[in-house]
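Observations on chain architecture
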Amino acid sequence: MFAEENGLRGDPRLQAISEAIRVVPHFPKPGIMFQDITTLLLDHKAFKDTVDIFVDRYRDMDISVVAGVEARGFMFGPSIALAIGAKFVPLRKPRKLPGEVISESYVLEYGTDCLEMHVGAVQPGERALVIDDLVATGGTLSAAIRLLERVGAEVVECACVIGLPENKGERRLNGKPLYILVEPRELCC
């Protein structure tokens, strides 16, 4: 569900967050309108508002794990985790974590990829939030859910800053709630 459908309709913070995200046309390939959150990170107020909205949502949900999807989930996840009193667990691309890992593969538009997590980072019964910057098809988030559930975690919700309009009204991903702050912007003028 989009934040505006969940009590934040008309909230000026959502407009500011959306406007702080730069749109880069034809990146990384022709036809893609890349949503660049690095400009959101440069805007202290919009970045803080982004984190604050997530913190307000998750503060009282007894979440003990915030799992951030590499790499842009790492930019929001640690701040949210600290604010709600949870640990942050990075979900990395293959061969980025030292030591023993558990892996989950997933299908991309042109090929496959994989997420990895340290063995023992999440304990059975822990309540987890998965965070990333953008959800398009949901493949990466679905892999994150499967990875966490394989070690016995209860995934409470997935959260993204940006969600494609096709996700509007989509309230679940792999049976888990999906919470999105804003839709992607198009170039104007």
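Please refer to the structure higher up on the page.
As the structure is a computational prediction, the values presented were derived from the model and not from experiment. (Residues numbered from 1 in each chain as written. Predicted model: local features only at pLDDT ≥ 70, side-chain atom pairs only at ≥ 80, totals over all residues. Heavy atoms only, no water.)

**With respect to the environment of V122**
With respect to the helices and strands, V122 occurs in the loop between β6 (111–118) and β7 (127–135). Measuring from C-alpha to C-alpha, the distance between V122 and G152 comes to 8.1 Å, with 30 residues separating the pair along the chain. When residues no more than four places from it in sequence are discounted, the contact partners of V122 are V65, K87, V89, M117, L148, V151 and A153. (Helix = DSSP H or I, 4+ residues; strand = E, 2+ residues; numbered from the N terminus. Contact = heavy atoms within 4.5 Å.)

**Considering the pairing of strand β8 (residues 154–163)**
Burial within β8 is extensive, with nine of its 10 residues counted as buried. Two strands pair when backbone bridges link them, and β8 and strand β10 (residues 176–182) are joined in this way by four bridges, in the parallel orientation. Paired with C160 across the bridge in β10 is I180. (Buried < 20%, exposed > 50% of the residue type's maximum accessible area, 1.4 Å probe, protein only. Pairing = 2+ DSSP bridges.)

**With respect to the side chain of D36**
Looking at the element boundaries, D36 is found in strand β2 (residues 33–36). A polar contact is formed between the side chain of D36 and the side chain of R22, at a distance of 2.4 Å. Separated by 2.7 Å, the side chains of D36 and T38 make a polar contact. Setting aside its immediate chain neighbours within four residues, D36 contacts I21, R22 and V24. (Polar contact = N/O pair within 3.5 Å; in protein donor to acceptor, adjacent residues only side chain to side chain.)

**Comments concerning the pairing of β7**
Counting buried residues along β7, seven of its nine residues qualify, which places the element largely inside the surrounding structure. Where β7 and β8 come together, eight bridges link them in parallel fashion. The residue bridging I131 from the neighbouring strand is A159, located in β8. This β-α-β element, β7 to helix α5 (residues 139–150) to β8, shows right-handed connectivity. (Right-handed = clockwise from strand over helix to strand, strands pointing away.)

**Thoughts on the pattern of salt bridges**
This structure, assessed with the given rule, holds 14 salt bridges. D36 serves as the salt-bridge partner of R22, at 2.4 Å between the closest nitrogen and oxygen. With R22 in strand β1 (residues 22–25) and D36 in strand β2, the pair connects residues that are 14 residues apart, well separated along the chain. By relative accessible area, which is 9% here, D36 ends up buried. Across the salt bridge formed by E149 and K176, the nearest N and O atoms sit 3.2 Å from each other. Placement of the pair is E149 in helix α5 and K176 in strand β10, with a sequence separation of 27 residues. For E149, a relative accessible area of 35% translates into the label partly exposed. Overall, the relative accessible area of 17% leaves K176 in the buried class. If you follow the salt bridges from partner to partner, you end up with E104, R146 and R150 in one network. (Salt bridge = Lys/Arg side-chain N within 4 Å of Asp/Glu carboxyl O.)

**Some points on helix α4 (residues 73–84)**
Helix length check: α4 (12 residues) gives 16 Å between terminal C-alpha atoms against 16 Å at 1.5 Å per residue, within 8%. Buried residues of α4: G73, F76, G77, I80, A81 and I84, and no others. Taken around the axis of α4, the buried residues stretch over an arc of 130°, which confines them to a single face. One or two positions beyond α4, positive phi appears at G85, with a value near 75°. (Expected span 1.5 Å × (residues − 1). Arc of directions from axis to C-beta.)

None of the figures reported here should be taken as evidence of function without further support.
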